[in-house]
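# A closer look at the structure
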Amino acid sequence: MRVVTLFLVFSSLFCCCGSEVRIYFIAVASAEENQFQQVEPAQPAEQDMYLIEECLSKQYTHKSCEKVFCHPWERCVEGKCVCKLPYQCPKNGSWVCSTNGRNFHTYCHLKSYECQRPEAKFLHKGKCMSQETFLVSGSHGDSSLLQVKPSYQKDYIFVCDSEWTMNEANVACKYLGFELGAEYYQVNPSIAEPASNSLHCLQITCRGLETSLAECHIEVKPRDSNMGLVSLQCQENLRACSGGEFQCVNKKCISLNKTCDGINDCGDLSDELCCRECRDNSFHCRSDICIPNKNVCNKEIDCLTGEDEARVLCAGKDKAAENHSMDEERKMIKTLLPQVHCGLTNYTLTRRKRIVGGQTARKGEFPWQVAIKDIGNEGSTVYCGGVYIGGCWVLTAAHCVRANRIHRYIVWTGLLGTIEHDKEADTFRVKKLIIHENYNVSTYENDIALLQLKGSPGPAGECSVAQSTPACIPWSEHMFKAGDRCKVSGWGLEKGYAKQFILKWGNINLFENCSELYPGRFFKKMACAGTYDGSIDSCKGDSGGPLVCFDAENVAYVWGIVSWGENCGEAGHPGVYTKVASYYDWISQHVTRSLISRYNI
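Because the structure is predicted, anything quoted here is derived from the model rather than measured. (Residues numbered from 1 in each chain as written. Predicted model: local features only at pLDDT ≥ 70, side-chain atom pairs only at ≥ 80, totals over all residues. Heavy atoms only, no water.)

### Let's talk about the packing of aromatic side chains
Scanning the model with the defined rule gives 13 aromatic pairs in all. Plain terms: the ring middles of Phe-366 and Trp-505 are 6.0 Å apart, the flat faces sit at 40° to each other, and that makes the pair tilted. In this pair, Phe-366 is assigned in the loop between β20 (359-360) and β21 (369-374) and Trp-505 in strand β28 (residues 504-510), connecting sequence segments 139 residues apart. Pairing Trp-475 with Tyr-599 gives two aromatic rings, centres 5.5 Å apart and planes at 70°, and the pair type is edge-to-face. You can see Trp-475 sitting in the loop between β26 (449-453) and β27 (485-490) and its partner Tyr-599 sitting in the segment after α7 (593-596), a full 124 residues away along the chain. Note on accessibility: Trp-475 and Tyr-599 belong to one class, buried. In textbook terms, an aromatic cluster arises when at least three aromatic residues are bridged by ring pairs, as seen for Phe-69, Trp-475, Phe-480, Tyr-557, Trp-559 and Tyr-599. Just above the ring of Tyr-60 sits the side chain of Lys-67; from NZ or CZ to the centre is 5.6 Å. Just above the ring of Trp-95 sits the side chain of Lys-127; from NZ or CZ to the centre is 4.5 Å. (Phe/Tyr/Trp six-rings, centres within 6.5 Å; stacked < 30°, edge-to-face > 60°. Helix = DSSP H or I, 4+ residues; strand = E, 2+ residues; numbered from the N terminus. Buried < 20%, exposed > 50% of the residue type's maximum accessible area, 1.4 Å probe, protein only. Lys NZ or Arg CZ within 6 Å of the ring centre and 35° of its normal.)

Right under this line is the structure:
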């Protein structure tokens, strides 16, 4: 890491608390990009402890929508994926048949129905015909081989060992009624007794969360002498885990060597959701999740911020669709769900190699940035900042606004300069003000508020905000983490507390928990960000403005709202922000979830 040389050092004391706070810029020079944190790979013991403490204490599973995406037939409620009612599924799609012989308009309808009636599992694609069955025969303590009879076959067929993992083993056992899934499986190189169907076997690949093997990709393969067959032992009873084992959230025991390998050995995915690094043949998401390498660049986002499908990573790696698998049906259903367009700009906001404070914003570069003015304060131009989140709604800091002043607030959107009249900027009065009910004026806890603009909403609930694009609202606190570089913008004071009249922005990094820097003042739903030398920071006049972080496709999420800080541009005292992800449910409760749900959660 290269040391950054400051051209200006400012040591006067300034408290960023109060009704205004914001960006204080100091010019810096650096020969190379400051890499901030060089994290050494976790040692096995450290990795194991993190996995055990984090996942088990917080009970993370495949139903934890802070960590994973919910299926199209589910929605995220208070951090858990819960079943939708069938009528809430998209109607487009193809007919499917269930194991109880019932027809459904789409695969989503069937899966939603299955949530209430577990016996109605997937049988095949298309309408049900008479006497169609899908059967699985497995061992439960003996050495018999696993056999499957797909609905389009007359006889049972053995299962090939190729592509077979604990993902498939768990699905098979759950289909057979064993909720804990498989205890283990074995590969048998030869068949003990003659079998008429031993010349072929079924190659089965699953994601690991299906409830029927029929949902997986099944293909009949000619069997050669090198191809083994699978036998299966399902988990019938719980047992105490040994010292070399990981206890899954569902209490199942697996070897520690099988954690963080992209395979859902637990059956509830808890062995893959808290991994500081991943084993070979798996991909590490920045949210500390491991996914199989085969899920990378498959045109479906698995990592929360989409790095597994990033264009740079996937250039030239497009994979052919597996039309026999219900994965493709599930992907297609996702495209039919309501989409929210947010976080995109007219510019590519590149991550610059040099950290330079006080860059002047270009028109359309930060289209979610808004300015708030109090017309009752004659000396005020921009009183506070805010962030447009769609419809007629703006997010800001609670300490910026007062309920008895609602008639005095003016909101500008699409504004760059505050002196010359900008004919392209839109001006709004405030119709409704919602301050968080638990906002603490002394500690700045829950420093968040919503402004509903006065306007004539269109068919989609949009105000006539021609120059603005909403920033996306993050639904998970795991989307970004310490060391990530984000951007903060505003009209706050500059060097020497000089006023600035043009929108500026700066690159800053997310810090680890700042409770040590601000003992007794930094709380759970706060985030802190800045530069280690204080070269870019928040200062007076920027309160309520956005701290935006970007996913793999450069889509902007408002990660923080400028709240408070100690001094401006002082090393060791980064700015403190309201962590927006902690308030996803609160925001959606007031503005409706459909307005801010970029994904089906």
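### So, the sheet that holds strand β22 (residues 384-390)
Backbone-to-backbone hydrogen bonds join strands into a sheet, with any given pair of strands oriented parallel or antiparallel. Taking strand neighbours around the barrel as the criterion, the six strands line up as β21-β22-β23-β26-β25-β24 in a closed arrangement whose pairing is antiparallel. Ignoring strand direction, the axes of neighbouring strands in this sheet form an average angle of 40°. Across four bridges, the pairing between strand β24 (residues 409-413) and strand β25 (residues 426-435) is antiparallel. Bridging across to β25, Trp-412 finds its partner in Thr-427. In this fold helix α6 (residues 584-591) packs onto β22, β23 (393-396), β25 and β26, with an angle of close to 25° to the strand it touches most, β26. (Pairing = 2+ DSSP bridges. Axes fitted to C-alpha atoms, helices over the stretch in contact; angles between N-to-C directions. Contact = heavy atoms within 4.5 Å.)

### Section: the side chain of Asp-374
Locating Asp-374 in the fold gives a position in strand β21. Residue Asp-374 is classed as buried on the basis of its relative accessible area, which comes to 1%. Polar side-chain contacts of Asp-374 include one of 2.9 Å to the backbone nitrogen of Gly-376. A polar contact is formed between the side chain of Asp-374 and the side chain of Arg-408, at a distance of 2.9 Å. (Polar contact = N/O pair within 3.5 Å; in protein donor to acceptor, adjacent residues only side chain to side chain.)

### Regarding helix α3 (residues 166-175)
With nine of 10 residues buried, α3 is to be regarded as a mostly interior element. The set of residues buried in α3 consists of Met-166, Asn-167, Glu-168, Ala-169, Asn-170, Val-171, Ala-172, Cys-173 and Tyr-175. Where α3 is buried, its residues touch β9 (135-137), β12 (182-188), β13 (200-205) and β15 (229-234). Between the side-chain oxygen at the start of α3 and the backbone nitrogen of Asn-167 there is a gap of 3.1 Å, and the oxygen is on Thr-165. Gly-177 lies just past α3 and shows a positive phi near 100°.

### Description of the state of the cysteines
Two cysteines joined by a covalent bond between their sulfur atoms form a disulfide. Here the structure, examined in full by the defined rule, presents 19 disulfides. Disulfide pairing is shown between Cys-384 and Cys-400; the S-S distance is 2.2 Å. One disulfide, between Cys-384 and Cys-400, carries an S-S torsion of -85° and so falls in the left-handed class. Of the two residues, Cys-384 is situated in strand β22 and Cys-400 in the loop between β23 and β24; the sequence distance between them amounts to 16 residues. The pair formed by Cys-384 and Cys-400 is uniform in burial state, with each residue classed as buried. Here Cys-514 connects covalently by a disulfide to Cys-528, the sulfurs 1.7 Å from one another. Between Cys-514 and Cys-528, the S-S dihedral sits near 70°, and the bridge is therefore right-handed. Placement of Cys-514 in the loop between β28 and β29 (526-530) and of Cys-528 in strand β29 is noted, with a sequence separation of 14 residues between them. When its relative accessible area of 1% is taken as the criterion, Cys-514 is described as buried. (Disulfide = S-S within 2.5 Å.)

### Things to note about unusual backbone geometry
Located in the positive-phi region is Gln-131, a residue other than glycine, with phi close to 60°. Residue position: Gln-131 is located in the loop between β8 (122-125) and β9. The class for Gln-131 is exposed, based on a relative accessible area of 80%. Even without a glycine there, the phi angle at Thr-592 is positive, about 75°. Within the secondary structure, Thr-592 is located in the loop between α6 and α7.

### Thoughts on the pattern of salt bridges
Overall, the coordinates contain 24 salt bridges when judged by the stated rule. Among the ionic pairs, Glu-215 bridges to Lys-111, the shortest N-O distance being 3.1 Å. Placement of the pair is Glu-215 in the loop between β13 and β14 (217-222) and Lys-111 in helix α2 (residues 107-116), with a sequence separation of 104 residues. For the pair Glu-215 and Lys-111, a shared accessibility class is recorded, and that class is buried. Notably, a salt bridge pairs Arg-239 with Glu-245, separated by 2.8 Å at the nearest N-O pair. A relative accessible area of 40% places Arg-239 in the partly exposed class. (Salt bridge = Lys/Arg side-chain N within 4 Å of Asp/Glu carboxyl O.)

### A word on the environment of Leu-336
Along the chain, Leu-336 turns up in helix α5 (residues 326-336). Residue Leu-336 is classed as partly exposed on the basis of its relative accessible area, which comes to 33%. Between the C-alpha atoms of Leu-336 and Pro-72, which are 264 residues apart in sequence, the distance is 9.5 Å. Aside from chain neighbours lying at most four places away, what touches Leu-336 is Pro-90 and Asn-92.

### Structural notes on the sheet that holds strand β11 (residues 157-158)
Strand order in the open sheet formed by three strands is β9-β10-β11, and the pairing between neighbours is antiparallel. In the strand order of this sheet, the two ends are held by β9 and β11, each with one partner. For strand β10 (residues 147-149) and β11, the ladder comprises two bridges, and the chain directions are antiparallel. The residue bridging Gln-147 from the neighbouring strand is Phe-158, located in β11.

Keep in mind that these numbers describe shape and distance, not what the molecule does.
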